[in-house]
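# A structural walkthrough
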Amino acid sequence: MKCRVCRGKAAIKIRRHNAAFCPEHFTDHAVRQVEKAIKEFDMIGADQRLLLGVSGGKDSLALWDILTRLGYAVDGVYLELGIGDEETHSYSDVSRRYCETFASERGLKLEIVDLSTRYGFTIPEAAEVTRRVPCSVCGLSKRYILNQAARAGGYDVLVMGHNLDDEAATLMANVLQWNTEYIGRQHPVLPATDEGLVRKVKPLIRLAERETAAYCVLNGIDYEVEECPMVEGNTGIRMKEWLNELEDRAPGAKHRFLFGFLEHAADRFAASGVELAECQTCGQPTTGDTCAFCRLQLRVKP
Amino acid sequence: MKVILRHPTREVEIEGPASVATVLRQLEILPETVLVIRDGELLLASEHLEATDVIELRPVISGGSS
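Read on for an overview of the structure. Residue positions are counted from 1 within each chain, in the order its sequence is given. Whichever chain is written first is A, and whichever ligand is written first is 1; the rest continue in order. Given that the model is predicted, a residue must reach a pLDDT of at least 70 before its local features are reported, and side-chain atom pairs must reach 80 or more before they are shown or counted; all residues, however, enter totals for whole chains, interfaces and linings.

### Looking at the packing of helix α7 (residues 164–177) of chain A against helix α11 (residues 253–265) of chain A
Residues and elements named next belong to chain A. The angle between two axes is taken between their N-to-C directions and runs from 0 to 180 degrees, where each axis is a line fitted to C-alpha atoms and a helix contributes only its stretch in contact. Helix numbers and strand numbers start at the N terminus; a helix is a DSSP run of H or I with at least 4 residues, a strand a run of E with at least 2. At a closest axis distance of 9 Å, the pairing of α7 and α11 adopts a crossing angle of 65°. Judged by the angle between their axes, α7 and α11 are roughly perpendicular. Regarding α7 and α11, the two cross each other, and that crossing is left-handed. From α7, L164, D165, E167, A168 and L171 reach across to α11, where they touch K254, H255, F257, L258 and F261. Charged residues are taken to be Asp, Glu, Lys and Arg, nonpolar residues to be Ala, Val, Leu, Ile, Met, Phe, Trp, Tyr, Cys and Pro, and polar residues to be all remaining types, Gly included. Looking at side-chain class alone, the contact of α7 with α11 contains six nonpolar, one polar and three charged residues. Throughout, the term roughly parallel applies to angles under 35 degrees, roughly antiparallel to angles over 145, roughly perpendicular to angles from 65 to 115, and oblique to all others. Each crossing is labelled by how the near helix is turned from the far one, with a counterclockwise turn of less than a right angle marking it left-handed and a clockwise turn marking it right-handed. Working definition of a contact: two residues with C-beta atoms, positioned from the backbone, lying within 7 Å.

This is the structure:
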């Protein structure tokens, strides 16, 4: 099979585009897809300061590389969650090292926030004490800390590495439950609010996760290949498996599902105007008196 | 041929020669869910594999919170 652009030997076929690419032109294709998403959804304004949440996985590191190629100056923030072997926290350590190596090799600025040092608990501890699913306390902590890091650093935009599969899986999970409130909030751009939520954007929305992984392999970007040891039973993975079965039978199904929703249906679920106020403990935006993260912290470390 | 699988990392032997598509079918793996890598290079489903080849099937699905 030949590259659609140069007719050289193809390294990857993308069935939903009915196209194959050599390494060089696949890289070019991926960069253009991100550029297109940024323009299509008006994600980033001129001279805005960008902070990218990095995990050491394929998506965030591919995105950091692509944004740099597009000429954006982007700083990174890594959250040390304390996941892995009880003594050494090996999964988190390995993930952090991939981020540190990536950043230092390219002269990029990376901030490390250690959940345990700063807030006194790890994700496994929080999950055990609250008896909540680890992914739930992890997601809550990430959203809180990334927003806080962006505010504290004076950044205008928080950039996230969610890809097409992530967003399609989230939409499917919410549609299957008719979580209309969550469906109304699903968009590749979440605007800043007066109460302190920093603008959040998802420039990988046009790339499937197979493509971000291929981008890393073809561009020599080392990333954490192993799955998080706490992810077992995660709903998002089940949704992705079902969507991939659909995609196998009907290439483009994931893209049509997500982009069809954004084009034709998202405005019908517009989020109701929830009033936000400052958390009485930390000052971050919340719908109640005390934000969910402060309540979590109080339960884990009373 | 030797096939390296992940999550957890392990090896299985598959009879060769065979195409990448045949190997994936035998292991009941959807092509959309993995990258097939030989000597650091990505392989298409149509690629021919020798009995002596070593390939990695690297999953691309990642889960977790958002």
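### Points about the packing of helix α1 (residues 23–40) of chain A against helix α9 (residues 209–218) of chain A
Between two packed helices, the angle of one axis relative to the other and the distance separating the axes together describe the packing. Residue and element names in this part refer to chain A. Following both chains from N to C, one finds α1 and α9 inclined at 130°, their axes separated by 10 Å at the closest point. One finds that α1 runs oblique with respect to α9. Crossing of α1 over α9 shows left-handed handedness. In this structure, α1 contributes P23, F26, T27 and A30 to the contact, and α9 contributes E211, A214, Y215 and L218. Its residues assigned to classes, the contact of α1 with α9 comprises six nonpolar, one polar and one charged.

### Quick look at the nonpolar core
We define a nonpolar core as a collection of buried residues of the types Ala, Val, Leu, Ile, Met, Phe, Trp, Tyr and Cys that are connected via C-beta atoms lying within 7 Å of each other. Any residue surrounded by 20 or more other C-beta atoms within 10 Å of its C-beta is treated as buried, while 12 or fewer makes it exposed and the intermediate range makes it partly exposed; C-beta atoms here are placed from the backbone. Residues I12, L51, L158, V159 and A214 of chain A together with L42 of chain B are the most contacted members of the largest nonpolar core, which totals 94 residues. Take this core: its biggest share by element is eight residues, from helix α6 (residues 134–152) of chain A.

### Things to note about the interface of chain B and chain A
Opposite the 19 residues of chain B that make contact, chain A presents 32 residues. At the level of secondary structure, the elements contributing two or more residues to the side of chain B that touches chain A comprise β4 (34–38) and β5 (41–42) of chain B.

### Things to note about unusual backbone geometry
Each neighbour pair has its own omega, and for H7 of chain B with P8 of chain B the value is 0°, a cis peptide bond. Mapping P8 of chain B onto the fold places it in the loop between β1 (2–5) and β2 (10–13). Going from G16 of chain B to P17 of chain B, the amide bond is cis rather than trans, its omega being 0°. On the secondary structure map, P17 of chain B appears in the loop between β2 and β3 (18–19). Unusually for a residue other than glycine, D47 of chain A sits at a positive phi of about 65°. Considering the arrangement of structural elements, one finds D47 of chain A in the loop between α1 and β3 (50–54). Residue D47 of chain A is classed as exposed on the basis of its 7 C-beta neighbours within 10 Å. A positive phi angle is found at W178 of chain A, which is not glycine, with a value near 45°.

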